[in-house]
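Spelled out from the first residue to the last, the chains are:
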Amino acid sequence: MSDATAPRGLIMPDWLELLLRFLVGGTFIYAAFDKIADPAAFAQAIHHYRMVGGAFLHPMALYMPWLELVTGFAMILGVARRGAALLIGLMLVIFMAAIISAMARDLDISCGCFHTEGGHTVGLSLLLRDIGMLTGSVVLLINRGVRRTF
Amino acid sequence: MSSNVGQVKSYPPKSVLREAATLLLVALLLTTLAWALRPPRLPLRADMALYELDLGFPVATPGEAVANYDGNTHLFIDTRAFTREGRRIPGAFRIRQDQFEEDLLEVFDFMAPEDPLLLFGNGNLILIAAVASRLEERGYQDITLMSGGLDQWTAAGGETAEADHE
């Protein structure tokens with residue numbers, strides 16, 4: 001393959017790609033369960049950020065957990081994994097924007113990330129965790145290695 | 001699969017967008033199915049008044065309250081002043097904000113702290129929450145407030161009886 005036609009991007013070892021897919025995908029699947037079981041409580045958790053109005057609050061509380069579940073499974077199974085990496089990355093950007101906004105307004109709230117009640121308080125550690133996950137999803141998005149499915 | 005190991009694949013940006021759009025649609029389909037098939041359904045438009053109040057107690061819709069009444073799962077507490085209302089929910093105890101001590105004394109023997117209580121009133125959740133807070137101070141741990149008043153209760157299929165006038 002000549003340099004002119006070589007695809008640009010990262011070529012990551014298979015084992016590392018698989019590990020990243022399980023970490024990122026598994027985290028999103030785990031995060032979805034509680035929210036799917038109790039969308040009303042998740043809507044309350046979203047409302048605590050005071051960023052979403054009445055027209056979008058419930059549709060978001062209903063849709064986002066299923067999107068997390070679908071993208072998580074797609075990531076782990078290797079089906080449409082780059083599309084899943086793109087969506088997970090976008091979701092993480094939204095989550096990080098919400099966290100930064102809450103921190104800027106000194107809101108003392110739990111993040112609603114994994115459990116609809118209790119859980120992590122919004123803060124720097126949460127932001128760092130999301131940055132780590134975002135890095136993982138970007139790496140998976142630009143990785144040009146072999147597409148592996150089960 | 002092993003024959004592919006070591007090969008480098010090209011993914012045009014369009015295919016990534018197509019994959020993302022497919023996943024968005026699948027999630028939308030599952031959301032719609034889950035919402036349609038699994039009651040009680042979260043209303044699509046949120047009543048922000050309920051969120052803004054931050055009452056500190058769970059709020060049940062009149063429909064959920066009727067289901068609790070029919071299932072005999074909760075003790076119903078009427079927080080209204082009876083002189084203003086000619087109807088009541090049969091079997092409901094009366095505990096009013098302005099006569100809290102006297103009313104509680106009358107029903108004290110029938111209410112254990114662990115009993116699930118469902119408080120209702122004229123639809124003003126702040127007034128109902130005021131009674132709920134005082135009950136909570138007295139050790140009652142499982143308190144739910146009903147949104148709406150008796151008109152909404154009746155519309156949801158709940159039964160009423162004539163109130164005793166004072």
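Residues numbered from 1 in each chain as written. Chains lettered and ligands numbered in written order. Predicted model: local features only at pLDDT ≥ 70, side-chain atom pairs only at ≥ 80, totals over all residues. Heavy atoms only, no water.

Draft legend 1. Expanded view of the pattern of salt bridges. Counting across every chain of the model gives nine salt bridges over all chains. Of the charged contacts, one joins Arg81 of chain A and Glu17 of chain A as a salt bridge, the two residues approaching to 3.5 Å between their closest N and O atoms. Here Glu17 of chain A lies in helix H1 (residues 14-37) and Arg81 of chain A lies in helix H4 (residues 81-104), a separation of 64 residues in the sequence. Across the pair, Glu17 of chain A and Arg81 of chain A agree in class, each one buried. Across the salt bridge formed by Arg96 of chain B and Asp103 of chain B, the nearest N and O atoms sit 3.0 Å from each other. Asp103 of chain B matches Arg96 of chain B in its accessibility class, with the two residues each being buried. One connected set of salt bridges, linked through shared partners, spans Glu17, Arg21 and Arg81 of chain A. (Salt bridge = Lys/Arg side-chain N within 4 Å of Asp/Glu carboxyl O. Helix = DSSP H or I, 4+ residues; strand = E, 2+ residues; numbered from the N terminus. Buried < 20%, exposed > 50% of the residue type's maximum accessible area, 1.4 Å probe, protein only.)

Draft legend 2. Region of the structure containing the confidence of the model for chain B. For chain B, per-residue confidence averages 83 on the pLDDT scale, and 86% of positions sit at 70 or higher. Low pLDDT, under 50, characterises residues 1-6 of chain B; the stretch is placed with seven contacts to residues that sit more than four places away or in other chains. (pLDDT = per-residue confidence, 0-100. Contact = heavy atoms within 4.5 Å.)

Draft legend 3. Summary view of unusual backbone geometry. Positive phi is not limited to glycine here, since Ala80 of chain A has a value of about 55°. For Ala80 of chain A, the location among the structural elements is in the loop between helix H3 (54-77) and H4. In this structure, Asn72 of chain B is a non-glycine residue whose phi angle is positive, near 55°. Mapping Asn72 of chain B onto the fold places it in the loop between helix H3 (62-70) and strand S2 (75-78).

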